[in-house]
Every structure is written in structure tokens, then in C-alpha cells.
Amino acid sequence: MNRTARAFWVSSPGEGNIREIALPEAAEGDVLVRSLYSGVSRGTETLVFRGGVPQSQHAAMRAPFQEGEFPAPVKYGYLNVGLVEEGPAELVGRTVFCLYPHQTRYVVPASAVTVVPDTVPAARAILAGTVETAVNALWDAAPLVGDRIAVVGGGMVGCSVAALLARFPGVRLQLVDADPSRVEVAKALGVGFASPEEALGACDLVVHASATEQGLTRSLDLLTAEGTVLELSWYGDRQISLPLGEAFHSRRLVLRSSQVGTVSPARRASRTYADRLALALELLADPALDALITGESAFAELAEVMPKLASGEIPALCHRVRYADTP
């Protein structure tokens, strides 16, 4: 078998290229995976592509199989679905999800891959990492039956959260975004949609995922007394200001963060990352989640596509990268 692979690297902020690399031999307990699809999460990955990861967050922002250092050159990514070609007998021939960058083939420990259920198409399974983030957020938020909820920010994470909340009984739910084109995504997910100006207030819970100062301010506005904003946005190296005077204290509002990699022991002490990812993959059996994949290109085109994703020239939630036509 050919022991080389091709990988996408951010060569300098705003520029990328595809490099040929040598693959290590798979040791006992490793798997060799041939990529079928990978996903570009427009928020985090385009931040990395632009060189916007602040120095203080270089360690926290490392992807599990990242090579190189921020800002560049760096090989970055974490939404990969592939076919196991070598490894333990129970995994060979299985479709798996892995937190691996954009690369045609790769070798990782078998413990780093999660088998994709037969009910989930490989092309949809790239969403597992983001749906896992949504699962984590809802474990932190702990919504209740009948809550009045808004999700502010119709990006990939916000839409994933809204898709899961749509399954909660009795909730009043709106996806709130300034981009009117998001109404079609909301409709596909079975979720109500509103512009920031028209969003319904008196919310018990607002999940904020717009990564804008205006979005977070509006999230606080939408709360009922003693309501909670769960902050999911990643602001990179930007500083924001908030109106924490006015009625913030008298209304006893709560602003709390959710961390993508860990869950509070007080919330789900016994649940591991593997538990969350397995649950996310089960939830991806719902074909409505295909609405989160808004474009596709071949791996060979990625160096040309990434700048367009970063600039917004190609509007996207999750952009799918296809490897089937890549040697």
C-alpha cells in the first residue's frame, strides 16, 4: 500500500497549501484510516486560517492531532470521517469519525476513532464534532420542559443546538439571526425563526452563539427575570463590552459559559467525551441535520476554497470536503 498521504496546511495567515507527507507504520493498537469526508467549521477553522488565535489561547485551541503551531504553518481540523483500512479486526472496513485534520490517509490509535452507526451516512457524520458541542451545551444549560428559549446566532453550533432543542417537549423555541437566509435552515430543522428585532422576549434560557457583541447584548435583552444566557461564542482575540448596568442586577440575570472540551462534574460527573460523541452520532440519524451542510468541494480544491470561506464569499455553516476523487 502507498505509505504517503496528502494534507492541507495553513502555510501563513490567509494562505494554505496541500503537502505530501510520509505515513508512519501502524503499530499494534493503531488504525490506518482512508478519509471519505472532512468538514470545515466556518467559525473556528476560518479564525485559525486568518491567524486570529490569540497568543494566550494557543494551548487551549490546539486540535487533538494538530501539527505545527499557531499562527502558521499549522495543520488544523477536527471533523473527519473515513474507512479503516488496517487495524484491529473489529474495526477494519468500518466507517469511523475522528478529530483529525484534512488529510487523505492517517494513522491514529484505535481509541481515537468512533464507529459511525449504520443509520448515519458517512457524508453526514462529519457533523459529529459540532453536534457533540451542542450536546455538551445542553448538558450545561439543562433546559426544562415548557421553557421559553431562543438560540441567538444561526451558525453551525447555534443551528446544532436549535436542532436538538426542537426535540424538547413543550418548549417555545426560536432561532434568531440577522441573516434572513437562515430562515430556510430553521425551517428544515423544524425551528421557528426571527430577526433580532422581532425575537420573542421573556425567555427562560437564551443560548448565544453569534460571536458578536450585539448578539450577546440582545441575548440579555430577551431574558425574563432570573433567566440565563449560556455563552457558546468564541471571540478569538477580540474584546467586547456589555451593558451590565441598567437592569442586569435588579432582574438577577445569569451569564455563564460553556466549554467545548469538558462538562461540569456537577452536571454530568460520570459522562465522558466518548459518551457525548457516541450520543452525537446516534442523534445524526435524523436527516433534518443535512441542512447544516451547505456546500461541498474536492480536497484538491481546498487551498482555493478556504480563503473564500474565511471571507464569506462562500457562505457556509459546515462545508464538506470530498476525498473520493483524490488519489
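Bear in mind the structure is a predicted one, so any value in this text is a computation, not a measurement.

A.B. asks: Just checking my understanding: could you explain the environment of glutamate 86 for this structure?
C.D. replies: Topologically, glutamate 86 is positioned in strand β6 (residues 80-86). Sequence separation between glutamate 86 and valine 107 is 21 residues, and the spatial gap between their C-alpha atoms is 9.1 Å.

A.B. asks: Sorry if this is basic, but what is going on with unusual backbone geometry here?
C.D. replies: Backbone phi values are negative for most residues with the exception of glycine, while trans is the configuration of most peptide bonds. Proline 71 follows phenylalanine 70 through a cis peptide bond whose omega is 0°. Looking at the element boundaries, proline 71 is found in the loop between β4 (67-68) and β5 (74-75). A cis geometry characterises the amide bond from alanine 72 onward to proline 73, with omega recorded as -5°. In the Ramachandran plot, glutamate 246 falls in the positive-phi region, its phi being about 45° despite a non-glycine side chain. Assignment of secondary structure puts glutamate 246 in the loop between β14 (223-231) and β15 (254-257). One non-glycine residue with positive phi stands out, namely arginine 252, at about 55°.

A.B. asks: Mind showing me how you'd approach the packing of aromatic side chains here?
C.D. replies: Given two aromatic rings, one states the distance between the centres and the angle between the planes to describe the pair. Under the definition given, this model contains 5 aromatic pairs. Pairing phenylalanine 65 with tyrosine 100 gives two aromatic rings, centres 5.3 Å apart and planes at 35°, and the pair type is tilted. In this pair, phenylalanine 65 sits in the loop between α1 (42-50) and β4 while tyrosine 100 sits in the loop between β7 (95-98) and β8 (105-109), placing the two residues 35 residues apart along the sequence. The partly exposed category is assigned to phenylalanine 65, whose relative accessible area is 23%. Looking at tyrosine 100, the relative accessible area reads 6%, which means it is buried. Judged by centre distance (5.0 Å) and plane angle (25°), the ring pair of phenylalanine 299 and tyrosine 323 falls under stacked. On the criterion of sequence distance, the pair formed by phenylalanine 299 in the loop between β16 (293-298) and α9 (302-311) and tyrosine 323 in the segment after β17 (318-322) is long-range, its members being 24 residues apart. No difference in accessibility class separates phenylalanine 299 from tyrosine 323, as the two residues are buried. Taken together through their ring pairs, the aromatic side chains of Phe65, Tyr100 and Tyr106 make up a single cluster. Cation over ring: arginine 19 sits above tryptophan 9, and NZ or CZ is 4.5 Å from the ring centre.

A.B. asks: What exactly am I supposed to notice about the nonpolar core here?
C.D. replies: Side chains of nonpolar character tend, in soluble globular proteins, to be buried together. Residues Leu127, Val161 and Leu189 are the most contacted members of the largest nonpolar core, which totals 72 residues. With 8 residues, helix α3 (residues 128-141) is the single largest residue contributor to this core. Listed in part, the 15 residues of the second largest apolar core include Val152, Cys203, Tyr235 and Phe248.

A.B. asks: Would you explain the sheet that holds strand β12 (residues 192-194) in this entry?
C.D. replies: Where strands meet in a sheet, backbone hydrogen bonds hold them as pairs that are either parallel or antiparallel. Taking strand neighbours across the sheet as the criterion, the 6 strands line up as β12-β11-β10-β13-β14-β15 in an open arrangement whose pairing is parallel. Unpaired on one side and paired on the other, β12 and β15 mark the two borders of the sheet. When the angles between neighbouring strand axes are averaged without regard to direction, this sheet yields 25°. Here 5 bridges tie strand β10 (residues 148-152) to strand β11 (residues 172-176), and the two strands are oriented parallel to one another. When the sheet's bridge partners are listed, valine 151 is paired in β11 with leucine 175.

Conventions adopted
- Residues numbered from 1 in each chain as written.
- Predicted model: local features only at pLDDT ≥ 70, side-chain atom pairs only at ≥ 80, totals over all residues.
- Heavy atoms only, no water.
- Helix = DSSP H or I, 4+ residues; strand = E, 2+ residues; numbered from the N terminus.
- Phe/Tyr/Trp six-rings, centres within 6.5 Å; stacked < 30°, edge-to-face > 60°.
- Buried < 20%, exposed > 50% of the residue type's maximum accessible area, 1.4 Å probe, protein only.
- Lys NZ or Arg CZ within 6 Å of the ring centre and 35° of its normal.
- Core = buried A, V, L, I, M, F, W, Y, C linked by side-chain atoms within 4.5 Å.
- Pairing = 2+ DSSP bridges.
- Axes fitted to C-alpha atoms, helices over the stretch in contact; angles between N-to-C directions.

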